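Listed here are the chains, written in short residue letters.
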Amino acid sequence: MNNLVFWRSIPLMITVALAFLATTGCSSTPLGPIDGGPPKSDMQFVDLQGFDRELGSSLSAPLPRVDVAFYDRVSPNALPERLQRWMASVESGGGTVKVVPPKPSVTPKNPLLLISAISTLWSASSFAKEMAVNAQFKAAQAFDAEILLKTDDRGDSVVDKVVFVKRK
């Protein structure tokens, strides 16, 4: 009786094996790196991986300058980690990152704000080793970066934009 159960289960085992083999060939494999699209000299920061691809594409193109503006209010001492990685890559390539204060006609509420912005950049240097091995960020190594501040309607200093300028 046990032999009969075994022989009746063979078609089921064959069907399961064929289904398994058929589906293993359907696994999706990426065709290659995703292109960041056409290079742009003006971009908006969005904290997504797509931003890294777009910025990498723009910095790899023969553009002398790439401006990155923000949708939201960003404090200079709270620069997003994704952007700090790009700053670290600039520094690891021998470039400079500097903070440009708002126009002198308006004084920031807190003069220590610029010091905190500089400490934020210092924390970006902790990413430098990671950036040295990550090919995606290498395009930034030929640039200097400026973090341009502005005074918002509340009188606070916020990041207006980050400008990547190709070094000569």
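Computed from a prediction, not measured in an experiment: that's the story for all the values here.

**Notes on helix H2 (residues 49-60)**
Here comes step 1: When the terminal C-alpha atoms of H2 are compared, their 17 Å separation across 12 residues agrees well with the 16 Å that a helix rising 1.5 Å per residue should span.
Here comes step 2: Those residues of H2 that sit buried are Phe51, Asp52, Leu55, Gly56, Ser57, Ser58 and Leu59.
Here comes step 3: If you follow the buried residues of H2, they end up packed against strand S1 (42-45), strand S2 (65-70), helix H3 (81-92), strand S4 (143-151) and strand S5 (157-166).

**A look at the confidence of the model for the protein**
Here comes step 1: Chain-level pLDDT for the protein is 75 on average; 61% of the residues reach the 70-or-more range.
Here comes step 2: Note that pLDDT drops below 50 for residues 16-34; the model gives that stretch 1 contact with residues more than four away or on any other chain.

**Section: H3**
Here comes step 1: The first and last C-alpha atoms of H3 sit 16 Å apart over 12 residues, in line with the 16 Å expected at 1.5 Å per residue.
Here comes step 2: Of all 12 residues in H3, 9 are buried, a share of seventy percent or more.
Here comes step 3: Listed in full, the buried residues belonging to H3 are Arg82, Leu83, Gln84, Arg85, Trp86, Met87, Ala88, Ser89 and Val90.
Here comes step 4: One or two positions beyond H3, positive phi appears at Gly94, with a value near 90 degrees.

**Side note on a nonpolar patch on the surface**
Here comes step 1: Taken together, the side chains of Val46, Leu48 and Tyr71 define a hydrophobic patch exposed on the protein surface, amounting to about 320 Å² of accessible area.
Here comes step 2: Tracing the sequence through the fold places Tyr71 in the loop between S2 and H3.
Here comes step 3: The class for Tyr71 is exposed, based on a relative accessible area of 59%.

**As for the sheet that holds S1**
Think of a sheet as strands paired side by side through backbone hydrogen bonds, with each pair either parallel or antiparallel.
Here comes step 1: Strands sit in the order S1-S2-S5-S4-S3 across an open sheet of 5 strands; the sheet is mixed. Where the open sheet ends on each side, the last strands, each with one partner, are S1 and strand S3 (97-100). For this sheet, the mean inter-axis angle between neighbouring strands, taken without regard to orientation, is 25 degrees.
Here comes step 2: Pairing geometry for S2 and S5, over 5 bridges, is antiparallel. Bridged to Val66 within S5 is Phe164.

**Examining the nonpolar core**
Here comes step 1: Grouped together as the largest cluster of nonpolar side chains are 26 residues, with contacts concentrated most on Leu55, Leu59, Leu83, Trp86, Met87, Val162 and Phe164.
Here comes step 2: Elements with a minimum of two residues in this core: S1, H2, S2, H3, S3, S4 and S5.

**Notes on the packing of H2 against H3**
Here comes step 1: Across the interface, H2 lies against H3 with an axial gap of 11 Å and an inter-helix angle of 25 degrees. Taken together, H2 and H3 sit at an angle that is classed as roughly parallel. As H2 runs across H3, the sense of the crossing is right-handed. For the pair formed by H2 and H3, the contact residues are Gln49, Phe51, Asp52, Leu55, Gly56 and Leu59 on the first element and Arg82, Leu83 and Trp86 on the second.
Here comes step 2: Of the residues that constitute the contact of H2 with H3, the class distribution is 5 nonpolar, 2 polar and 2 charged.

What counts, and at which threshold
- Residues numbered from 1 in each chain as written.
- Predicted model: local features only at pLDDT ≥ 70, side-chain atom pairs only at ≥ 80, totals over all residues.
- Heavy atoms only, no water.
- Helix = DSSP H or I, 4+ residues; strand = E, 2+ residues; numbered from the N terminus.
- Expected span 1.5 Å × (residues − 1).
- Buried < 20%, exposed > 50% of the residue type's maximum accessible area, 1.4 Å probe, protein only.
- Contact = heavy atoms within 4.5 Å.
- pLDDT = per-residue confidence, 0-100.
- Patch = residues over 30% accessible without salt bridge, like charges linked within 9 Å, V, L, I, M, F, W, Y side chains within 5 Å.
- Areas by Shrake-Rupley, 256 points an atom, 1.4 Å probe, with all protein chains shown as cover.
- Salt bridge = Lys/Arg side-chain N within 4 Å of Asp/Glu carboxyl O.
- Pairing = 2+ DSSP bridges.
- Axes fitted to C-alpha atoms, helices over the stretch in contact; angles between N-to-C directions.
- Core = buried A, V, L, I, M, F, W, Y, C linked by side-chain atoms within 4.5 Å.
- Parallel < 35°, antiparallel > 145°, perpendicular 65-115°, else oblique.
- Left-handed = near helix turned anticlockwise from the far one by under 90°.
- Nonpolar A, V, L, I, M, F, W, Y, C, P; charged D, E, K, R; others polar.

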